[in-house]
Amino acid sequence: MHPAMTAASLTGLLAFALFVLATFVLWGQLLGVAAAVAGLVMVCATGALVCRSTR
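These figures come from a predicted structure and were not determined experimentally. All residue numbers refer to positions counted from 1 along the written sequence of the respective chain. Reporting in this predicted model follows two pLDDT cut-offs: at least 70 for local features of residues, and 80 or more for side-chain atom pairs to be given and counted; totals over whole chains, interfaces and linings ignore these cut-offs and use all residues. With hydrogens and water stripped out, all remaining heavy atoms of the structure feed into the side-chain values.

J.: Just to check I follow, could you spell out the state of the cysteines for this structure?
T.: Every disulfide links exactly two cysteines, by a covalent bond between their sulfur atoms. Here, two cysteine sulfur atoms that lie within 2.5 Å of each other are counted as a disulfide. Taken as a whole, this structure holds zero disulfides when the rule is applied. Unpaired in this structure, Cys44 has its nearest cysteine sulfur neighbour in Cys51, at a distance of 11 Å. Relative accessible area serves as the criterion here: at 43%, Cys51 is assigned to the partly exposed category. Using a 1.4 Å probe on the protein chains alone, a residue whose accessible area is under 20% of its type maximum counts as buried, one over 50% counts as exposed, and one in between counts as partly exposed.

J.: Looking at this structure, how should I read the environment of Ala35?
T.: Secondary structure elements follow DSSP: runs of H or I no shorter than four residues count as helices, runs of E no shorter than two count as strands, and numbering proceeds from the N terminus. Along the polypeptide, Ala35 turns up in helix α1 (residues 3–54). As for Ala35 and Leu18, which are separated by 17 residues in sequence, their C-alpha atoms are 25 Å apart.

J.: Can you walk me through the environment of Leu40 in this structure?
T.: Summarising the element assignment, Leu40 is placed in helix α1. Sequence separation of Leu40 and Arg52 is 12 residues, and the distance between their C-alpha atoms is 18 Å.

Here's what the structure looks like:
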């Protein structure tokens, strides 16, 4: 293979790997935020139920 072609394919592969990694990180952050929000809602709902039942 031509050296320039090899370099180009390696660069493309690297760029693709970085893109996939960035996508996974982004989705992971989104899922983390969603999980945190869901946990917060659960805690608030549980607190409200406890307050309502003790009253």
